[in-house]
Amino acid sequence: MKLVIATPSPFARKVRVALREKNIEFNEVVDVPWNKGTITKNFNPLGKIPILIEENKEPLFDSKVIVQYLDHINEAQLMYPKDPQDNISARLIESVADGVCDAIVLVFLENSRNETLRSNDWVQRQEKKIYEGTKYLSDHLGNKKYFVGGHFNIADVCAFSCLEYLDLRFIKFNWKTKYPNLEKYWVIHKDRPSFLNTKPQVQTIEPLVD
Ligand SMILES: N[C@@H](CCC(=O)N[C@@H](CS)C(=O)NCC(=O)O)C(=O)O
């Protein structure tokens, strides 16, 4: 099994963490989906990582689809809780954390454009999603150790990945000071091996042409 990833990507990280938690053997193939030489377009019409490739099987893309598939083939350390209420609650946290990451990507890309082409309104619109989404995560965590159901699951994978992605790409937002409960949560989980071994790393992205 191969997983095509980009090293900063919080979406790829969800799958990288799930594979490690489930002790599934796999190889990581590092790509830069924004660059001309990317291989993603050969497997995903949307040109996005992560992509899971298995011999004689259709490539799978989108982190949600891949992690659900991993739960099907290996029930160890289920990522999506079986309990219906917990399942929905975990998916809501996933949607918000992923949405914050989407907005961080859009702000990062907009700020990479030629200064004369940037839209402040667009950046502000995305930043609002980042701030409101992080508040939602803080409100829904409260003083708990895990987001949903009293155990580690996809909600923690996404929320934790989102927080460290903020540190990588949106450093002006000091979420640790604004939300002490999120900082406490981060301290509790930061040394979990699946997180430690997947810390986001920057990649060199070719300049956008317009
Ligand atoms: N909803 C997708 C989002 C994946 C995504 O946005 N990946 C980014 C990297 S962080 C990407 O490959 N972008 C390349 C592009 O949009 O051209 C998922 O959860 O897998």
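Residues numbered from 1 in each chain as written. Predicted model: local features only at pLDDT ≥ 70, side-chain atom pairs only at ≥ 80, totals over all residues. Heavy atoms only, no water.

- The chain is annotated in an unreviewed UniProt entry as Glutathione S-transferase from Planktomarina temperata RCA23.

## Brief notes about the packing of helix H4 (residues 120-141) against helix H7 (residues 180-189)
Logical step 1: It is the contact of H4 with H7, at a shortest axis distance of 9 Å, that shows an interaxial angle of 75°. Considering the angle they form, H4 stands roughly perpendicular to H7. For the pair formed by H4 and H7, the contact residues are Thr 134, Leu 137, Ser 138 and Leu 141 on the first element and Asn 181, Leu 182 and Tyr 185 on the second.
Logical step 2: Class assignment for the residues of the contact of H4 with H7 results in four nonpolar, three polar and no charged. (Axes fitted to C-alpha atoms, helices over the stretch in contact; angles between N-to-C directions. Helix = DSSP H or I, 4+ residues; strand = E, 2+ residues; numbered from the N terminus. Parallel < 35°, antiparallel > 145°, perpendicular 65-115°, else oblique. Contact = heavy atoms within 4.5 Å. Nonpolar A, V, L, I, M, F, W, Y, C, P; charged D, E, K, R; others polar.)

## So, the UniProt feature "domain: GST N-terminal" (unreviewed entry) in the chain
Logical step 1: Mapped onto this numbering, the UniProt entry annotates "domain: GST N-terminal" (unreviewed entry) at residues 1-78.
Logical step 2: Summarising residues 1-78: 29% helix, 17% strand, and an end-to-end C-alpha distance of 19 Å. (UniProt positions renumbered as here; feature names shortened; annotations may be inferred.)

## Brief notes about unusual backbone geometry
Logical step 1: Between Ile 49 and Pro 50 the backbone carries a cis peptide bond, its omega angle lying at 5°.
Logical step 2: Topologically, Pro 50 is positioned in the loop between strand E2 (27-30) and strand E3 (51-53).
Logical step 3: For Asn 56, which is not glycine, the phi dihedral falls at a positive 60°.
Logical step 4: Among the structural elements, Asn 56 can be located in the loop between E3 and strand E4 (60-61).

## Quick word on helix H1 (residues 10-21)
Each α-helix turn comprises 3.6 residues. Residues three or four places apart therefore point the same way.
Logical step 1: For H1, built from 12 residues, the straight-helix expectation of 16 Å at 1.5 Å per residue is met to within 8% by its first-to-last C-alpha distance of 16 Å.
Logical step 2: Taken across its 12 residues, H1 has 11 buried, putting it largely inside the fold.
Logical step 3: Where H1 is concerned, the buried positions are Pro 10, Phe 11, Ala 12, Arg 13, Lys 14, Val 15, Arg 16, Val 17, Ala 18, Leu 19 and Glu 21.
Logical step 4: Its buried side turned inward, H1 meets strand E1 (2-5), E2, helix H2 (63-73), helix H3 (84-112), helix H5 (154-169) and helix H8 (193-196). (Expected span 1.5 Å × (residues − 1). Buried < 20%, exposed > 50% of the residue type's maximum accessible area, 1.4 Å probe, protein only.)

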